[in-house]
Amino acid sequence: MRTIQDSSGKTFFGHPRGLATLFFTEFWERFSYYGMRAILIYYMYTAVVDGGLGFSQATATAIMSIYGSLVYMSGVIGGWTADRILGPRRTIFYGGVLIMVGHIALSFPGGATALFVSMFFIIIGTGFLKPNVSNVVGDLYPKGDQKRDAGFSIFYMGINLGAFIAPFIVTNVSNSANSYHAGFGVAAVGMAVGLIVYVITGKMYLRDAGKKVPNPLKSAEKKKMSSLALGLVVAIAAIGTIVAWLQGGFTLQTVIMTVTIMGVIIPLIYFIVMMTSKKTTKDERSRLTAYIPLFLISVMFWMIEEQGSTTLALFAANRTDLSVGSFELSPGVFQSLNPMFIIILSPIFAWIWTKLGKRQPGTPRKFALGLFFAGLSFVIMMLPGLLAGNTTTAVSPMWLVLSFFICIVGEMCLSPVGLSATTKLAPAAFASQTMSVWFLSDSMAQAFNAQTTQFFNAKTEILYFGIFGFGAVAFAILLFLGAPLLKKYMRGVD
């Protein structure tokens with residue numbers, strides 16, 4: 001059994017020192033991603049003469065959602081590569097390199113072409129890096145270790161420290177240079193620093209964690225995998241062709257709809273493969289059965305949470321009074337609210353779960369609480385329009401602050417707990433790939449958002465927030481009541 005100490009006897013806040021390596025690797029990866037995200041939507045709909053791409057706001061929100069969906073969808077590729085070819089550690093490194101290349105591409109003024117090239121590299125790179133970093137965190141702890149949930153909460157805080165400072169730095173550089181591309185360049189530097197931290201400290205503290213290839217690809221399987229890859233490409237092309245035919249031509253909307261369909265199909269295929277695999281034991285199959293409703297609840301949660309960079313970003317730019325005395329806020333800095341509250345609340349929730357020990361709520365009820373608070377955060381966003389009697393008056397930024405805070409209370413109940421639950425409920429033969437499936441819940445959510453966010457505008461604002469908010473609260477109550485039944489299928493895991 002592994003211990004939490006390295007050979008020197010030192011720990012990282014009472015946890016394995018390898019957690020520090022992964023903490024800072026994700027710190028810089030999130031710095032690069034959130035820095036880019038803070039200004040990307042504004043870059044897309046700003047007029048060309050003002051240094052933007054000139055897309056409509058509806059198109060910009062759809063692209064942001066599709067981008068986010070593909071980022072998490074690519075985790076399937078990263079999980080499979082780690083499980084079958086490279087192992088998590090090497091896959092993480094190559095992912096960081098690809099992300100850095102993507103940010104470099106976006107830092108040059110190449111118009112829409114540079115944008116989509118950049119997106120390609122960042123999508124694949126994040127898919128390689130993100131699920132495998134989380135999986136290696138789980139590998140640092142022995143089975144049944146009560147510190148695991150607390151460790152994931154600390155790791156989650158590291159992720160969000162980078163995300164918190166990035167919008168301030170990137171928006172300031174972008175505004176000072178009067179160029180979006182200068183801000184994107186800062187994101188590239190952030191990922192480069194993350195790679196250096198990972199390589200140097202990983203050799204010292206991670207030891208053998210993540211080095212093993214759990215289910216190596218055999219020579220006889222390589223030809224089969226090539227055929228499957230070709231079949232996947234053909235299937236995607238077929239879906240795109242059918243969508244284009246139904247829509248009367250191949251447009252950006254065709255791509256958006258195709259990704260939405262893929263966002264549903266890919267998780268479904270994964271669950272079918274794992275449930276029917278001979279490598280999945282009876283107990284593991286039961287746990288996967290319990291995992292499915294948790295997955296769907298997380299989809300609903302992320303549909304709300306991920307709109308911080310789309311509908312709430314538009315609300316910040318178009319509906320919020322950005323004047324604070326003589327100081328003018330940049331709408332991009334509101335992207336720091338999400339990670340700021342995570343930084344504040346992570347140690348509090350880590351302490352709560354550790355203090356409660358076996359008395360803490362079970363995983364299903366934590367998920368229910370998470371979705372409840374997410375729904376409440378959107379119910380709150382109905383109030384500015386209702387109280388003002390219109391959806392055109394500029395309102396206090398405190399509405400956004402309150403909404404983000406409530407949603408993050410929910411995230412503390414669901415997201416780090418979901419990461420931990422995934423490592424515990426995953427079949428042994430599909431460890432990294434099950435973590436990829438967890439991130440596919442975010443992918444599916446944003447795939448749906450690519451359709452729904454296009455309906456958000458001043459006229460629909462109140463109804464839009466109400467449907468999402470009250471719908472989430474209703475499903476949260478159902479899960480809370482059904483938690484005892486779900487726990488039976490988890491076969492002793494919680």
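Residues numbered from 1 in each chain as written. Predicted model: local features only at pLDDT ≥ 70, side-chain atom pairs only at ≥ 80, totals over all residues. Heavy atoms only, no water.

(A) Quick look at the overall build of the chain. Helices and strands together make up the secondary structure of the chain, namely 17 helices and 2 strands. Buried residues in the chain amount to 57% of all 494 residues. Restricting the contact set of the chain to residue pairs at least 6 apart, pairs at least 24 apart contribute 81%. (Helix = DSSP H or I, 4+ residues; strand = E, 2+ residues; numbered from the N terminus. Buried < 20%, exposed > 50% of the residue type's maximum accessible area, 1.4 Å probe, protein only. Contact = heavy atoms within 4.5 Å.)

(B) Local environment of the nonpolar core. Counting residues in each nonpolar core, the largest one holds 125 residues, and the members touching the most others are L40, W438 and F465. At 14 residues, the largest contribution of residues to this core is made by helix α1 (residues 18-45). Two domains each provide a minimum of three residues to this core, namely domain 1 (15-217) and domain 2 (281-493). Discounting chain neighbours no more than four positions away, the residues touching L40 are M64, Y67, L106, L115, M119 and F184. (Core = buried A, V, L, I, M, F, W, Y, C linked by side-chain atoms within 4.5 Å. Domains from an automatic or database assignment.)

(C) Expanded view of the packing of aromatic side chains. This structure, assessed with the given rule, holds 25 aromatic pairs. Taken together, a centroid distance of 5.0 Å and an interplanar angle of 40 degrees make the contact between Y464 and F468 tilted. In this pair, Y464 and F468 both sit in helix α17 (residues 461-489), 4 residues apart, roughly one turn of the helix. With respect to burial, Y464 and F468 carry one shared label: buried. Among the aromatic residues, ring-to-ring pairing joins F23, F24, F27, W28 and F31 into one connected group. (Phe/Tyr/Trp six-rings, centres within 6.5 Å; stacked < 30°, edge-to-face > 60°.)

(D) Geometry of the packing of helix α11 (residues 311-318) against helix α15 (residues 398-425). Where α11 meets α15, the closest approach of the two axes is 10 Å, and the angle between their N-to-C directions is 160 degrees. Accordingly, the angle class assigned to the pair α11 and α15 is roughly antiparallel. Helix-helix and strand crossings are classified by hand; for α11 and α15 the assignment is left-handed. On the side of α11, the interface is formed by L312, F315 and A316, while α15 contributes L400, S403 and F404. (Axes fitted to C-alpha atoms, helices over the stretch in contact; angles between N-to-C directions. Parallel < 35°, antiparallel > 145°, perpendicular 65-115°, else oblique. Left-handed = near helix turned anticlockwise from the far one by under 90°.)

(E) Expanded view of a nonpolar patch on the surface. Residues F93, Y94, I196, V199, I200 and M204 make up a contiguous nonpolar surface patch of roughly 550 Å² in combined accessible area. Listing elements by their share of the nonpolar patch, those giving two or more residues are α4 (88-106) and α7 (180-205). Top element by residues in the nonpolar patch is α7. It accounts for 4 residues. Positionally, M204 belongs in helix α7. (Patch = residues over 30% accessible without salt bridge, like charges linked within 9 Å, V, L, I, M, F, W, Y side chains within 5 Å. Areas by Shrake-Rupley, 256 points an atom, 1.4 Å probe, with all protein chains shown as cover. Salt bridge = Lys/Arg side-chain N within 4 Å of Asp/Glu carboxyl O.)

(F) The pattern of salt bridges, seen in detail. On inspection of all chains with the given rule, the structure shows 4 salt bridges. Between E29 and R30 there is a salt bridge, with its nearest N and O atoms 2.7 Å apart. A residue is classified by how much of its surface remains accessible, and E29, at 1% relative accessible area, is buried. With a closest N to O distance of 3.1 Å, E306 and R37 form a salt bridge. Here E306 is found in the loop between α10 (282-305) and α11, whereas its partner R37 is found in helix α1, with 269 residues between them in sequence. Of the two residues examined, E306 and R37, each falls in the buried class.

(G) Just helix α13 (residues 363-380), in detail. Here α13 is 18 residues long and its end C-alpha atoms lie 26 Å apart, about the 26 Å a rise of 1.5 Å per residue gives. Here α13 lies mainly inside the structure; 13 of its 18 residues are buried. (Expected span 1.5 Å × (residues − 1).)

(H) Looking closely at the confidence of the model for the chain. Per-residue confidence for the chain gives a mean pLDDT of 84; residues scoring 70 or more make up 90%. No element of the chain has a lower mean pLDDT than helix α8 (residues 219-247), at 65, and none a higher one than α13, at 95. For the stretch residues 1-5, pLDDT sits under 50, and the model shows 14 contacts to residues farther than four places along the chain or on other chains. (pLDDT = per-residue confidence, 0-100.)

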